[in-house]
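# Summary of the model geometry
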Amino acid sequence: MILSFGEIPQEHDIVNIAYAFAQQKQKTWFNGELPIDPVMRVVSMLEQQAEQLKADGVKNITIRILEGVDTDGDKVVNVWGMGTIVKLK
């Protein structure tokens, strides 16, 4: 599986564009869950989408992290991810 935050040198076809989202309450950081965990979940979701499409990987992965408040009024970290699913030629 190819995971790239930029272009890949191999010849490839674009299969699809993938999106993913994860949210984590900031208070869970004190319970052992680090802020990197939602980022890793988003990357994993992009990878799973590539696997479902029987593609070779995801290129041009973009991750955006925004702080916010959920419906309960708790502070959260929202992680949005996007990538281009590719199949090698």
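Above this text is the structure in question.
Described below are features of the structure shown in this document.

Criteria and thresholds
- Residues numbered from 1 in each chain as written.
- Predicted model: local features only at pLDDT ≥ 70, side-chain atom pairs only at ≥ 80, totals over all residues.
- Heavy atoms only, no water.
- Core = buried A, V, L, I, M, F, W, Y, C linked by side-chain atoms within 4.5 Å.
- Buried < 20%, exposed > 50% of the residue type's maximum accessible area, 1.4 Å probe, protein only.
- Helix = DSSP H or I, 4+ residues; strand = E, 2+ residues; numbered from the N terminus.
- Contact = heavy atoms within 4.5 Å.
- Phe/Tyr/Trp six-rings, centres within 6.5 Å; stacked < 30°, edge-to-face > 60°.
- Patch = residues over 30% accessible without salt bridge, like charges linked within 9 Å, V, L, I, M, F, W, Y side chains within 5 Å.
- Areas by Shrake-Rupley, 256 points an atom, 1.4 Å probe, with all protein chains shown as cover.
- Salt bridge = Lys/Arg side-chain N within 4 Å of Asp/Glu carboxyl O.

Right, let's get into the nonpolar core. One recurring pattern in soluble globular proteins is that nonpolar side chains are buried together. Counting residues in hydrophobic clusters, the biggest one holds 13 residues, and the most contacted among them are Val42, Leu46, Ala50, Val58, Val79 and Ile85. The element that contributes the greatest number of residues to this core is helix α1 (residues 36-52), accounting for 4 residues. Once residues within four sequence positions are removed from consideration, Leu46 is found in contact with Ala18, Tyr19, Ala20, Val58, Ile61, Gly81, Met82 and Gly83.

Our next topic: the packing of aromatic side chains. Per the counting criterion, the structure on display carries 1 aromatic pair. For the pair Phe21 and Trp80, a centre-to-centre distance of 4.3 Å together with 45 degrees between the ring planes defines the contact as tilted. With a gap of 59 residues between them, Phe21 in strand β2 (residues 12-25) and Trp80 in strand β4 (residues 75-88) connect regions that are remote in the sequence. Exposure remark for Phe21: the relative accessible area of 34% places this residue in the partly exposed category.

Side chains of Ile14, Ile17, Tyr19 and Met82 sit close together on the surface and give an oily, nonpolar patch of about 400 Å² of accessible area. The element that contributes the greatest number of residues to the nonpolar patch is β2, accounting for 3 residues. As for its placement among the helices and strands, Tyr19 is situated in strand β2.

Here the focus is the pattern of salt bridges. Charged atoms that come close allow side chains of opposite charge to pair. Counted according to the given criterion, the structure contains 5 salt bridges. Among the salt bridges present, the one from Lys59 reaches Glu7, with a minimum N-O distance of 3.0 Å. Here Lys59 is found in strand β3 (residues 57-69), whereas its partner Glu7 is found in the loop between β1 (2-3) and β2, with 52 residues between them in sequence. Among the salt bridges present, the one from Asp72 reaches Lys25, with a minimum N-O distance of 3.3 Å. Of this pair, Asp72 sits in the loop between β3 and β4 while Lys25 sits in strand β2; the two residues are 47 residues apart in sequence, bridging distant segments of the chain. Look at Asp72 and you get exposed, because its relative accessible area is 59%. The exposure class assigned to Lys25 is partly exposed, which follows from its relative accessible area of 23%. Via salt bridges that share partners, Lys25, Asp70, Asp72 and Asp74 belong to a single interconnected network.

Okay, the environment of Ile85 next. With respect to the helices and strands, the residue Ile85 is situated in strand β4. Once the C-alpha coordinates of Ile85 and Val69 are considered, the two residues, 16 residues apart in sequence, prove to be 31 Å apart. In contact with Ile85, other than residues within four places in its own chain, are Asp13, Ile14, Val15, Asn16, Ala18, Gln49, Ala50, Leu53, Ala55, Gly57 and Val58.

Take the side chain of Ser4 next. Here Ser4 lies in the loop between β1 and β2. On the basis of relative accessibility, which here comes to 13%, the residue Ser4 falls in the buried class. When near neighbours in sequence (up to four residues on either side) are disregarded, Ser4 contacts Val58, Lys59, Asn60 and Ile61.

By themselves, these are just geometric observations and shouldn't be taken as functional.
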